[in-house]
Structure formats: C-alpha cells, structure tokens
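# Close look at the chain arrangement
If you want the building blocks of each chain, they are given just below.
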Amino acid sequence: VKAGTIFWRAAVAGVLSVVAVVVLLILGRERGLYEPGATGGPATVRLISSEQYITTIHEFFGEDIQVDVGFAPPQRLQGLLALGASTAAMTPGMLEQADRTARNVAMQVVDEVHRQTLIPCLPISAREADARCARQFFARVGRLLYRRPLTEAELRMQINAASAVSGQLGDFYAGLGHSLAGMLISPKFLYFTEVIEPDPNHPGHSRLNAYSKASRISLFLWNAPPDEGLLVAAETGELHTRGGLRRQIDRMLTSPRLELGIRAFFSDLLTFDKFDTLSKDPVIYPAFTRAVARSAKEQALRLITDHLLIRRGDYRDLFTTSRTFVDVTLGPLYRKPVPTPQDWASLELDSRHAAGLLTSLGFLALNSHPGVSSPTRRGRAIRELLLCQKVPDPPPNVSFKIFEDPNGHFKAARERLLAHSSDAVCAGCHKLTDPIGLALENFDGAGNLRTEDRGMPIDVSGVLDGRSFTDVAAFGHALRDHPALGPCLASRLYAYGLGRPMTAADRPWLAYIAKRFRVDGYRLRDLLREIASSQAFLAVSNPMLALPTLAANGH
Amino acid sequence: VVDTFGEIRSMEIVQRGYVNDVVMHFILHIRPALNKTIAMGRRKTCVRTFGALVICVWLSACDSHSSVNASVRVDDVSSHSKTIGLVLANFDLMMQQSNDGKTECPDGPVHTNRENWLAQFSTHAARQRQLNRCGNSQNRGPNCENVWFTPDSIADPLPFREGKGKVAYGINLDGTQDGRETRTTCPHEKFFSPDGERGVDNQYYRFFACHTIDLNGFSKERIRRGIRELLIYRVLLEIRGVDNGQNDNSVEVAIYRSDDPIVVDNVGKAVPWGSLRTSGGPMYRLRGQLVDGLLVTEPADVRWEGEVAGEREQLIRGMTLHLRLTPTGAEGIRAGYIDVDQEWQSYSHQMGATGGIFGASGPAAYSALHRLADGYKDPQTGACTALSSARKYEFVRAYLIHSPKELTP
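Residues numbered from 1 in each chain as written. Chains lettered and ligands numbered in written order. Predicted model: local features only at pLDDT ≥ 70, side-chain atom pairs only at ≥ 80, totals over all residues. Heavy atoms only, no water.

When helices and strands are counted, chain B shows 12 helices and 11 strands. Counting all 409 residues of chain B, 52% fall into the buried class. Taking the contacts inside chain B whose residues are at least 6 apart along the sequence as the reference set, 68% of them involve residues at least 24 apart. Accessible area for chain B stands at about 19,000 Å²; split by element, carbon and sulfur atoms hold 51% of it. (Helix = DSSP H or I, 4+ residues; strand = E, 2+ residues; numbered from the N terminus. Buried < 20%, exposed > 50% of the residue type's maximum accessible area, 1.4 Å probe, protein only. Contact = heavy atoms within 4.5 Å. Areas by Shrake-Rupley, 256 points an atom, 1.4 Å probe, with all protein chains shown as cover.)

To continue, consider the overall build of chain A. Looking only at helices and strands, chain A features 26 helices and 10 strands. In terms of its C-alpha atoms, chain A occupies a principal-axis envelope of roughly 95 × 80 × 50 Å. Relative to its full complement of 555 residues, chain A shows a buried share of 53%. Within chain A, contacts between residues at least 6 apart in sequence are counted, and of these 68% link residues at least 24 apart. Working note: accessible area of chain A is about 25,100 Å², and carbon and sulfur atoms make up 58% of it.

Next up on the list: the packing of helix α10 (residues 210-222) of chain A against helix α12 (residues 242-253) of chain A. Residues and elements named next belong to chain A. Their axes nearest at 11 Å, the elements α10 and α12 cross at an angle of 25°. Here α10 lies roughly parallel to α12, going by the angle between them. For the pair α10 and α12, the sense of crossing is right-handed. On α12, the residues that touch Ile217, Ser218, Leu221 and Trp222 of α10 are Leu245, Ile249, Arg251, Met252 and Leu253. Here the contact of α10 with α12 is built from residues that sort into seven nonpolar, one polar and one charged. (Axes fitted to C-alpha atoms, helices over the stretch in contact; angles between N-to-C directions. Parallel < 35°, antiparallel > 145°, perpendicular 65-115°, else oblique. Left-handed = near helix turned anticlockwise from the far one by under 90°. Nonpolar A, V, L, I, M, F, W, Y, C, P; charged D, E, K, R; others polar.)

Let's shift gears to the packing of aromatic side chains. Two descriptors summarise a pair of aromatic rings, namely the distance from one centre to the other and the angle between the planes of the rings. Applying the stated criterion across every chain, the model contains 31 aromatic pairs over all chains. Aromatic pair Phe265(A) and Tyr496(A): ring centres 5.1 Å apart, planes at 70°, arrangement edge-to-face. With Phe265(A) in helix α13 (residues 257-269) and Tyr496(A) in helix α22 (residues 485-498), this residue pair connects regions lying 231 residues apart in the sequence. We note that Phe265(A), like Tyr496(A), is buried. Between the aromatic rings of Phe160(B) and Phe207(B), the centroid separation amounts to 5.2 Å while the plane-to-plane angle is 10°, which identifies the pairing as stacked. Separated by 47 residues along the polypeptide, Phe160(B) in the loop between α7 (124-134) and α8 (203-208) and Phe207(B) in helix α8 bring together distant segments of the chain. When sorted by exposure, Phe160(B) lands in the same class as Phe207(B), which is buried. (Phe/Tyr/Trp six-rings, centres within 6.5 Å; stacked < 30°, edge-to-face > 60°.)

With that out of the way, let us pick up the pattern of salt bridges. According to the stated counting rule, one finds 51 salt bridges over all chains in the structure shown. The salt bridge partner of Arg132(A) is Asp130(A), with a shortest N-O separation of 4.0 Å. For Arg132(A), a relative accessible area of 46% translates into the label partly exposed. Residue classification places Asp130(A) among the buried residues on the basis of a relative accessible area of 5%. Note that Asp174(B) is salt-bridged to Lys190(B), the shortest N-O span being 2.4 Å. Placement of the pair is Asp174(B) in the loop between α7 and α8 and Lys190(B) in the loop between α7 and α8, with a sequence separation of 16 residues. For the residue pair Asp174(B) and Lys190(B), the accessibility class agrees, reading buried in each case. Taken together, the shared-partner salt bridges connect Asp314(A), Arg316(A), Asp317(A), Arg467(A), Arg480(A) and Asp481(A) into one network. (Salt bridge = Lys/Arg side-chain N within 4 Å of Asp/Glu carboxyl O.)

The subject of this paragraph is the nonpolar core. Core analysis: the largest hydrophobic core is formed by 149 residues, its most contacted members being Tyr53(A), Phe266(A) and Tyr315(A). It is helix α14 (residues 290-310) of chain A that provides the largest number of residues to this core, a total of nine residues. Not counting chain neighbours up to four residues away, the residues in contact with Tyr315(A) comprise Phe266(A), Leu308(A), Leu386(A), Leu485(A), Leu489(A), Phe517(A) and Tyr522(A). Among the nonpolar cores identified, the runner-up in size contains 64 residues, and Ile84(B), Trp148(B), Phe207(B) and Phe395(B) belong to it. (Core = buried A, V, L, I, M, F, W, Y, C linked by side-chain atoms within 4.5 Å.)

Turning our attention to a positive patch on the surface. A cluster of basic residues, Arg222(B), Arg224(B), Arg225(B), Arg228(B) and Lys269(B), forms a positive patch at the surface. When you line up the elements, Arg224(B) lands in helix α9 (residues 220-229). (Patch = residues over 30% accessible without salt bridge, like charges linked within 9 Å, V, L, I, M, F, W, Y side chains within 5 Å. Lys, Arg positive; Asp, Glu negative; His and termini not counted. Charge placed at Lys NZ, Arg CZ, Asp CG, Glu CD.)

All names here are of chain B. In terms of burial, strand β1 (residues 83-92) is a largely internal element, 10 of the 10 residues being buried. Bridging between β1 and strand β2 (residues 235-240) involves five bridges; their strand directions are antiparallel. Within β2, the position partnered with Val87 by the bridge is Leu236. Here six bridges tie β1 to strand β11 (residues 384-401), and the two strands are oriented antiparallel to one another. Looking at β11, one finds that Asp92 is bridged to Lys392. (Pairing = 2+ DSSP bridges.)

It is worth spelling out the packing of α10(A) against helix α11 (residues 228-235) of chain A at this point. Residue and element names in this part refer to chain A. One can describe the packing of α10 onto α11 by two numbers: an axis separation of 8 Å at closest approach and a directional angle of 150°. Taken together, the axes of α10 and α11 lie roughly antiparallel to each other. For the pair α10 and α11, the sense of crossing is right-handed. Of the residues in α11, those touching α10 at Ala210, Tyr211, Ala214 and Ser218 are Leu230, Leu231, Ala234 and Glu235. When its residues are assigned to classes, the contact of α10 with α11 shows six nonpolar, one polar and one charged.

Right, let's talk about unusual backbone geometry for a bit. All names here are of chain A. Positioned with a positive phi, Gln78 is a non-glycine residue whose angle comes to about 45°. Mapped onto the elements of the fold, Gln78 is located in the loop between α2 (50-61) and α3 (81-84). Residue Gln78 is classed as partly exposed on the basis of its relative accessible area of 37%. Of note, Arg147 is a non-glycine position whose phi angle comes to about 60°, a positive value. Counting through the fold element by element, Arg147 comes out in the loop between α6 (131-145) and α7 (152-169).

Residue and element names in this part refer to chain B. Within helix α6 (residues 113-120) the residues assigned to the buried category are Asn113, Asn116 and Trp117. Each buried residue of α6 sits inside an arc of 105° when the element is viewed along its axis, so together they form one side. As for α6, its buried residues are in contact with α7. (Arc of directions from axis to C-beta.)

Another point: the side chain of Ser50(A). Residues and elements named next belong to chain A. You can see Ser50 is positioned in helix α2. Since its relative accessible area comes to 10%, Ser50 is described here as buried. With residues up to four places along the chain from it excluded, the contact list for Ser50 reads Val69, Gly70 and Phe71.

Another aspect to go through is the side chain of Arg480(A). Residues and elements named next belong to chain A. Its place among the elements puts Arg480 in helix α21 (residues 472-480). A distance of 2.6 Å separates a polar atom in the side chain of Arg480 from a polar atom in the side chain of Asp317. Polar contacts involving the side chain of Arg480 include one to the side chain of Asp481, which spans 3.1 Å. Setting aside its immediate chain neighbours within four residues, Arg480 contacts Asp314, Arg316, Asp317, Thr320 and Leu485. (Polar contact = N/O pair within 3.5 Å; in protein donor to acceptor, adjacent residues only side chain to side chain.)

What follows deals with the environment of Val232(A). Residues and elements named next belong to chain A. Along the chain, Val232 turns up in helix α11. Since its relative accessible area comes to 34%, Val232 is described here as partly exposed. Spatially, the C-alpha atoms of Val232 and Tyr211 are 9.5 Å apart, while their sequence positions differ by 21 residues.

Before going further, it helps to spend a moment on the confidence of the model for chain A. This prediction gives chain A a mean pLDDT of 90; 91% of its residues lie at or above 70. Between residues 545-555 of chain A, whose pLDDT stays under 50, and residues either more than four places distant or in other chains, the model counts 13 contacts. (pLDDT = per-residue confidence, 0-100.)

All names here are of chain B. Evaluation of the coordinates by the stated rule reveals five disulfides over all chains. Here Cys134 connects covalently by a disulfide to Cys144, the sulfurs 1.9 Å from one another. The sign of the -65° torsion about the S-S bond sets the Cys134-Cys144 disulfide as left-handed. Of this pair, Cys134 sits in helix α7 while Cys144 sits in the loop between α7 and α8, and the two are 10 residues apart along the sequence. No difference in accessibility class separates Cys134 from Cys144, as the two residues are buried. (Disulfide = S-S within 2.5 Å.)

Moving on, we get to a nonpolar patch on the surface. All names here are of chain A. Together, Ile6, Phe7 and Trp8 make up a nonpolar patch on the protein surface, roughly 370 Å² of accessible area in all. Along the chain, Trp8 falls in helix α1 (residues 6-30). The class for Trp8 is partly exposed, based on a relative accessible area of 39%.

Let us look at α22(A). Residue and element names in this part refer to chain A. In this model, α22 (14 residues) spans 20 Å end to end at C-alpha, consistent with the 20 Å of a helix rising 1.5 Å per residue. Judged by how many residues are buried, α22 sits mostly within the fold: 13 of 14 residues are covered. Backbone geometry just downstream of α22 places Gly499 in the positive-phi region, at approximately 75°. (Expected span 1.5 Å × (residues − 1).)

Listed below in structure tokens is the structure:
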C-alpha cells in the first residue's frame, strides 16, 4: 500500500482505462456509431413500375426495343409510391396493357433484326421446334427476367409452350416469342417477390434468400433488377457474407446506374409523377408548354444528381445553392444564353432570388394552381415532402371564394390568404403552410421570377419554426438548418429501400441512421452505403404466411 | 470582356481560349483608354483594373459556368449591350385584307390557265383538236409550246387581274409621292401603308394580290407552321456596335442562318431569348443606323431564301430593313426590288411543275410581271427589270451562338 508501488500504478492505469472506455461508449452512442438491433419487417411483394419495366427490357434486350408501357401509379403511402407498390394489385386494365406490351416486346426480340444477337443459338430448322435451342434461350432470359434461375419445371413449361406454337405455326421463332410473351406477363416477372429461408447463422430466425437480397439492393440503388454481377454474387453466396455484400454495394455505388436510382427516388419523393399531368392556363402562362414541363423536371433532377452525386455535396445545400441547369427550352425563361443549345448548361442565378431546389421551375410550377401561384401548396409540399410533417387536408366544405376571386379587394396573395385564414377552421393548417409558402411568392404559378403580384409589391418575409427570414435565399438557409430536414430524407430513403411503410419498431433505427447522416456530413452516397450494408436493411421477421415461398416455387 | 465583346462573343472567347482576340482588342481599344485614364492621374486604379483583366483571361477564371452568370442581361434596347440578336418569328404579306377580297380584287381572282384555254379555243371541236395535237391545255402555243416555259409564245385572251386596293405594306422606294417615271424607275401607282403613310411602293403585292394563294402558300397559319418547323425560315440578325439603343448613326447588321429550332409557346408563337447557333459566317453584313429606335439599313443586293409556297431564292436589289426595336424583339418592313427574271423562274417553275399552284395563267402573268416592274430601269431598253416589294417581318430577341470557326480571325 506504499505510495509509488506497482500496485498503485496498476490501479491508476485500470481506473483510467475504465474511464476511457466509458467515455468512448458515451461519445459513440451520442455520435450514432453503434447500429441498434433490428427485428426487420415482413418480406415484400412489389409490383413492377413502368420505369422498372422499361429499364429491365432495355438492359436485357437493348435500347432499340420499343417499350410502350405506362402503368397507373399505385397509391402513395407515407409519401412514397414505392411503398404503395408493395400493396398494389394488378388491375384488369393494367394486365391488358402488360399483355399488349409483352407481345410487342417478344415479337421484336425474335424478329429478324434482333434474333441474331438476342437468341444465343441457331435452331436445326427455323420452321420447326427445337427444344435444345429453346432451353438455352429460356434458361438465359428467364434468369434475368425472374431475377433467379428457373426451376426445371418452369423451364420445361416454357419450352413446351414454345414447341407447341412452333409446331402449329411452322415457325421456331414464333414459338419462342409466344412463350417469351408469357414470361413477361407472369407474376414472377411483374412482381418483385421476396423469398425467405431459415438463417443458418441464427437458428430460429429467417433471412432473405440471396436472390431476394440482390433484388432489394438493386431496386434501392438502381431502381432496376439485379445485373449479372449481383446474380452471380447471389449464386455463390457472396451476398450472405459481410465482405461480399460490401463489395457489391461499393461496386453499385460507383456504377453510372446509381444516377438512375437517385433520380427514381427523388422523383418519387418530390411527387414528380405529377409532371405527367401538369398543365398551366395557356392564356396566363403561354410560355409554359409541355416541352417546358419536361425540361423543368429534368432541370430539378439534374440539380439533384449534380449536387449530391457528382459534387458529393451536403444534402442541405441543395436548398441554398444558386446553381441551376438550363437547356434551350428553359433558357428563354431565365433570359440567359445556352452556349451549347443541343445540351444542358449550368447557370449561376442571382443569389438573392435562388434557393436551390425550392426555386427550380419544376418544384414551383408543380406546387401551384394552373393559373396562379399557391403559397399553401408550396408550404404544404415543403412540410410534407421535405420535413416529413403531416398537414391535414382542408375540410370538404371550405370556401375558397376570397382567395380565388380575381376581382377581390385583396391583391397580393398574402392579403388574400390572411383574409381566407380569418376562418378559424382554416387558420390552424394555414399557419403551418402559408408563412413558408409565401417565401416563394417571388415566383409565379409557372415558376417565373417576378417582383410584384397584380401590381402590389411582394413581401416574402416570414418565420419557419422560429427562424425568421426576409427573402427566399434566407428562407433556403432556414430550411437548410431545420432539424427535421436530414432525418426526413434518411427515413424516406430507408422506407423506399425496404418497400414497406415504417412502424414504431423502426424508430430506433431511423434515429440511428439520421445521426449517421449528420455525422457523415449529410452526404447521400454515404447514407446509401450505410442503409444498404446495414443488418436492418436486409433483416426480415419470421413469416406469418408461406405465400412468398410458394410463389417462388412456381405454384 | 463582356462589355467590349458582347455577351455571347465574350463567352465564346473565354470558353474557347481566344486570348488573341482579347489581346488585339486590348491593343486597339483598351490601351488608349488606359493611357487616357493614366494621364488623368488614376494610375493605381488603372493598373488594378488592367491586372484584373489579365488575371481573368489568363487564369481562365471565367469558366463556362461563371461566364453564363457574368453575361450582361439585356433587358431593353436602351441598355449598354453591344449586340442585339434577333430571330425571325413571323412575316406577313397582307395579301388579302378584306374578308371577301372584293376591295382588292373587285372582278375576282386571276384567270386560270383553263379559263384562258377555254377562251382561246372557243368550240368543243377546237379544244379537242388542240388536245389531240399538243397533249394538254398548257401546251397551247402556236407550235404546242408550253405556256410556262415560253410564256411569250402567245397572248392570253383574258386580262390579268392585278390588285386594286389602296393599302399595302412598304416604304417609299423611288422617292416620289406619285410614282411618276424617274431616271431609274418606271411609272406606277402608289399605295398607302396600313398606318396611312403615303407614297408606298409595292408592285410585287399588286401582282400577287388576286392570286388564289391565301388558301395555300401565303396563309398565316401556313407561315406560322413553317416558321416553327422549317429551317428555311431560320433567319438571324445581329445588330452590332450599338452604343445607344435609340439613336446610333452607325451600326452593322449581320444576317445569318441557323439550323436550330426555335422555342415556341402554347399557340406556336416564337418565344424571345432563345439560343440559336449560327450556321457558318454571316451571309450579309449591312450598314445601318438607329433613329428613334427604328433600325434602317442601307440598300444592298441580297439573295433571300424563298419563303412561301415553294418560292425559290429571291434576288432582292436594294434591300433595306426598317425595323422598330422593342424590348423583346423588332417589327417592321423588309423592302427592296425583286428581280423580274428571278421571280419568273420561281413562279413558272411552280406553275409548270405542279399544274398551277397559284391558279394563274403563264402568258398573262409573265406579261403582267414585266408591265408592273417599276425599278432598276435598263438604260438600253428603258424597261424596268424589278418590282418594288415589301413584307412585314417580326423578330424576337435571341442569343446568337457563334461557331468557333467563325470567331477565328
């Protein structure tokens, strides 16, 4: 017990070590370094979207195959169509369209132009059935279309169908096309069906089989079916190992296909499906044509992919940047030259009137009325799409008389909304939306910059959840610093990847991933990697029904 | 750089690295200005300004991204822009002004070839003999000549109906108020402009006014669709050296063509501020001046691409542009004398090839063209060889993107 002896030295070293470990643990938890355990949700069955259908056909058969398909979008759940796809049924109208498209695609694949490259063998005779060549074709195509190898029974069924038609028509390729059309309207192609299996590493638990993991990751990052590399990784079991999974994710994150995935996610998040039906009053906004609407959508997506993928920027700066993109259609609206009229050009806007995505033509025009801007719609879009806050729908008997009367006493939108909000029933919700929607009033219903509204100067000042602003640029900064902005994107992205709505059980993991997003500097690519490689992303709960397994076996 | 070269050119210069252009311009324009300023005792400021210019050029600080940003925003013609770009957006010949056409053509439209054939061969037997001998009604010359290819082989029995209206687009080209004969012009009737201005010359309109062409080649709908879809209408103007958008006694107007489409609005009208690439160098460079916002170019002989109903290239002698500049474009008159022989080639080609697209008859039209010609008198014969003409043009402002080849000295 004498001071300075080895006992005391050891004791001090021990205490210091314990303190250091405790501090590290506390800091680590605070910084979100430890992934919480995840129970996982049920396996999903997702209906293929039009974009995924087209991508699949083009990837496997080439981009010169014409695919005329436009399925109606499913119901939006928790702000995302992707979640609605997991509860969507195939309607008779959709099936009819899928059948027509399938026949058309199959006919092109086996026509004289394409058969040389798309069919890997030559039949003994072009006028007779050839089971050997048909087997080669369906084994290859089926693996790509069904995202897994075909079972022997499935393969025999396709060959028999092809042989029967070939025999009747005296045309080997007609039989092949007929059978291929059948594959293209099969639920095994039109639905991404996840299959679970017992987890050998955790007895009593289940896991997604390797092909289902490949599909889930591929849909998440590329919005496309798995490519050859992923299918091989699934076949060899690489996707069940941590290292193999990371290798595949890293490969996918550096692939040019990632941009397609990011475009798909943000199109879904920002409700860009509404561009298909967007129109403006041609008398009020004569310059807003269909071509402008198409370019406006592309402008927003270019800004997103340029900022988040190419520049690897902070997600929050997407709402403060003064950079945008213009093509020859949008150039006139900005009164700026496009140096290469056949291409897009980046453009630096006046920073006083720029707030990144918020002031992009697409966002502004999409969240407006056909003939006038709408601070309420814009405010609601910001709350719901970007901050994940719920704004209730207006009551069915609400009167828009004061707001919509063009000859009314109130000229500026702020005055009209104030008068409209004098109704106590309306006031609650409008307090949520209008102050922030009014920040964008310097842009009319078609997204064009303006300085006055019906002859009245525009006041864009306001407050966003305690943060005041005086112009749109300051509003962009206020949104950038809003604590809900980053977590909202992280949770939407996670739900989008899983293809199922979030539940209370997911909250700890959502809090964790939001922290990780913050620690990583709000970089999207890092967030994608975190989610895709996490245990939670691929975890599934024990099955209540054996339906997915039955479907996968061809029953 | 923007101030000296104009927004588009400066962008090209910086993007393409045309430092020589900048250096040359510095030698010619900036250095004298610097010397002058230095002499005024502001050496430090000048050195800083010059240094910034050099750094900007040499360090390529103005990349494409910031170049676009740095470009001058041309809001109105009175701004300090050096160049004004325009693209053709619409034109009008005002062929038929009244609803029923009775004001311009009280006797009806021009007589057709068939009407003249019926009059020339008054009996059924005579017509049958002509057809048996010559094959069709257009080969009705004495020796079965085709009346489009040899229009002077016969005289049509029916008169040519020319326009009788009093109003037409145009300007006073011959300098007289009554259209009397001068040393270089032939006697002719004058028009009033739509604004009531007297002394307007437009014999081209007088010739065409009673053709049944409003239903096809000259219709406004067809012109608008053509402007939208056909590259032959893609005419660009660049007004250079504009120091004052209202009054400037010396500007240059370069005429270009482009292969780029124009941006149109919901009703098919051209939208201002589009970007169009020039196809090669300028076809013509005209001198001109701005007088109270009206651009007037000096007369020059030009060849203008045909614009209506298969029209071929027109030789326009003494062409002048009178364009009123507006914040988003320009509107006014393209006037000049259209060469008779050139016009007949175009006209007869259409008639002969398609069986009379304008519905007229060759000999009468050929005779009328020469009779109505009022300018460019041949000193030998005393006959005029060209028709005064005018069309109303509408341009919208545009950004002209010059090809690097054109900018290379």
